Amino acid sequence: MTVCEYRAGLEGIPATQSSISFVDGQRGLLEYRGISVEELAEKSTFLETSYLLIWGELPKKEELELFEYEICHHRRLKYRIRDMMKCFPEGGHPMDALQACAAALGLFYSRRALDDPAYIRAAVVRLLAKIPTMVAAFQLMRKGNDPIQPRDDLDYSANFLYMLTETEPDPFAAHVFDVCLTLHAEHTINASTFSALVTASTLTDPYAVVASAVGTLAGPLHGGANEEVITMLEDEIGTIENVRPYVEHCIEKKAKIMGFGHRVYKVKDPRATILQQLAEQLFEKYGEDQFYDIAVELERVVQEKLGHKGIYANVDFYSGLVYRKLGIPTDLFTPVFAISRTAGWLAHWKEQLGENRIFRPTQIYTGTHGNPYIPMEKR
Ligand code: CMC
């Protein structure tokens, strides 16, 4: 066995073998099952892309229709899950609510048959179908309203926006949202996917796998960054004139500028490029966002000051501006990321089950040895 040196954050250390997605951080390339994310964003839908990620091939027409039908018919939540959600504090973060709800699915669907393809498919369908309903339900409930039921005549993305805003979305808005989901669906072994893999490797149920990944995605260094970007643009920067001093201050204080930098990408994240284009299309159709010009200037100044260190805009930088225009509240940006990334987590869960070995890494012990037990009165 080759013993590697310790690398903080496991930087550059392969944690698994996978054929699901590929990133070239120097050239800014991302592929799902060998297909570029740009092509999928243009030609596919989120559900078709999810099928591709999970089962490894693009579905035939009838396979996709069946998958869409199954998801459409599993969108509703059991009333006991809705009752459970009614007890959640309205001030709680929606990611915490989502994590609790995802874990609760394991209570209601407790049969575990990890070697049965029908069980795997049912779990995939259930999670992809119900997570958007949970996110939308929490949003309405925390405002004191009953959640509204999904509509079978609306596709995945239009239905989510409908359940969230109680208004049928414009088809262009629903299309943009669907592209956002496609862009966020998968990204190799990031922190939440690693978390999903570790949990999956114990052969627990898929609801626990997704719940652990949701908890990991919530942090500000991972999925939570999209929310922080808006807070930064609105509250900490506020005007174009403040951009340069803000960046200089962050550099001096060694503070992270949210929405920039990536462990793998050393150029602009390809998803950020597409999201910026989507933001511009939305502003053209539905009106400007006053913070877009600040964002563009911020990207310019960060590139000027930190580009030499390979720090460029990541996926979280422009996504918040897109979501805002679609009427999604800021603290739902990360839950929306989770809706999408559920596809990637499930693809990795299924792949892990195919050749499972429990994760049990080692450590480098930095403590002392042979210490005496000191009685309480002598400490
Ligand atoms: N702003 C300013 N400096 C930065 C930033 C940033 N956003 N990101 C990295 N750096 C600097 C960092 O200070 C360090 O400098 P030095 O070598 O002089 O000490 C160097 O770049 C390496 O940074 P690191 O923190 O060791 O890099 P990492 O690979 O461990 O972290 C990261 C990657 C994404 C956590 C980090 O870039 C970061 O915290 N970015 C801000 C939060 C963010 O936008 N997260 C979203 C990530 S992409 C989507 C996702 O995962 O959900």
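The following paragraphs examine the structure supplied in this document. (Residues numbered from 1 in each chain as written. Predicted model: local features only at pLDDT ≥ 70, side-chain atom pairs only at ≥ 80, totals over all residues. Heavy atoms only, no water.)

### Notes on the site of the ligand
Taken together, 21 residues sit near the ligand, with K256, I257, F260, R263 and K309 positioned nearest. With respect to the ligand, the backbone of I257 contributes an N or O atom lying 2.7 Å from a nitrogen atom. One of the side-chain N or O atoms of K309 is found 2.7 Å from an oxygen atom in the ligand. Expressed as a share of its isolated accessible area of 920 Å², the protein-covered part of the ligand is 71%. Here the ligand is seated within the largest pocket. Along the lines of polarity and charge, the residues of the shell around the ligand split into 11 nonpolar, six polar and four charged. (Near = heavy atom within 4 Å. Polar contact = N/O pair within 3.5 Å; in protein donor to acceptor, adjacent residues only side chain to side chain. Areas by Shrake-Rupley, 256 points an atom, 1.4 Å probe, with all protein chains shown as cover. 1 Å grid on protein atoms, 1.4 Å probe; cavity = no way out; pocket = protein on both sides within 12 Å on 5 of 7 lines; lining within 4 Å. Sits in = over half its atoms within 2 Å of the grid points. Nonpolar A, V, L, I, M, F, W, Y, C, P; charged D, E, K, R; others polar.)

### Concerning the sheet that holds strand β2 (residues 29-32)
What holds strands together in a sheet is hydrogen bonding between their backbones, with the strands either parallel or antiparallel. Here we have three strands laid out as an open sheet, ordered β1-β2-β3, and antiparallel in their pairing. On the outer flanks of this sheet lie β1 (21-24) and β3 (35-36), each paired with one strand and no other. Note that β1 and β2 share four bridges and pair antiparallel. Across the sheet, the residue bridging to D24 is L29, located in β2. (Pairing = 2+ DSSP bridges. Helix = DSSP H or I, 4+ residues; strand = E, 2+ residues; numbered from the N terminus.)

### Looking at the layout of surface pockets
Remark: the empty space left among the atoms is shown by a probe the size of a water molecule rolled over them. Considering only enclosed or pocket space, the largest pocket measures out at about 1800 Å³ in volume. Considering the residues around the largest pocket, the lining is formed by 50 residues, among which N190, H262, R263, V264 and K266 are closest to the centre. Those elements that place two or more of their residues in the lining of the largest pocket are β1, α9 (191-200), α12 (243-253), α15 (315-325) and α16 (333-354). A class-by-class count of the residues in the lining of the largest pocket yields 23 nonpolar, 17 polar and 10 charged. Summarising the domain contributions, the lining of the largest pocket has at least three residues from each of domain 1 (34-220 + 335-354) and domain 2 (225-325). (Points joined across faces, edges and corners; volume = space filled by probe spheres on them. Domains from an automatic or database assignment.)

### Notes on the environment of E355
Within the secondary structure, E355 sits in the segment after α16. E355 gets classed as exposed once you look at its relative accessible area, which sits at 69%. Sequence-wise, E355 and G92 are 263 residues apart; in three dimensions their C-alpha atoms are separated by 38 Å. (Buried < 20%, exposed > 50% of the residue type's maximum accessible area, 1.4 Å probe, protein only.)

That is the geometry; function is a separate question.
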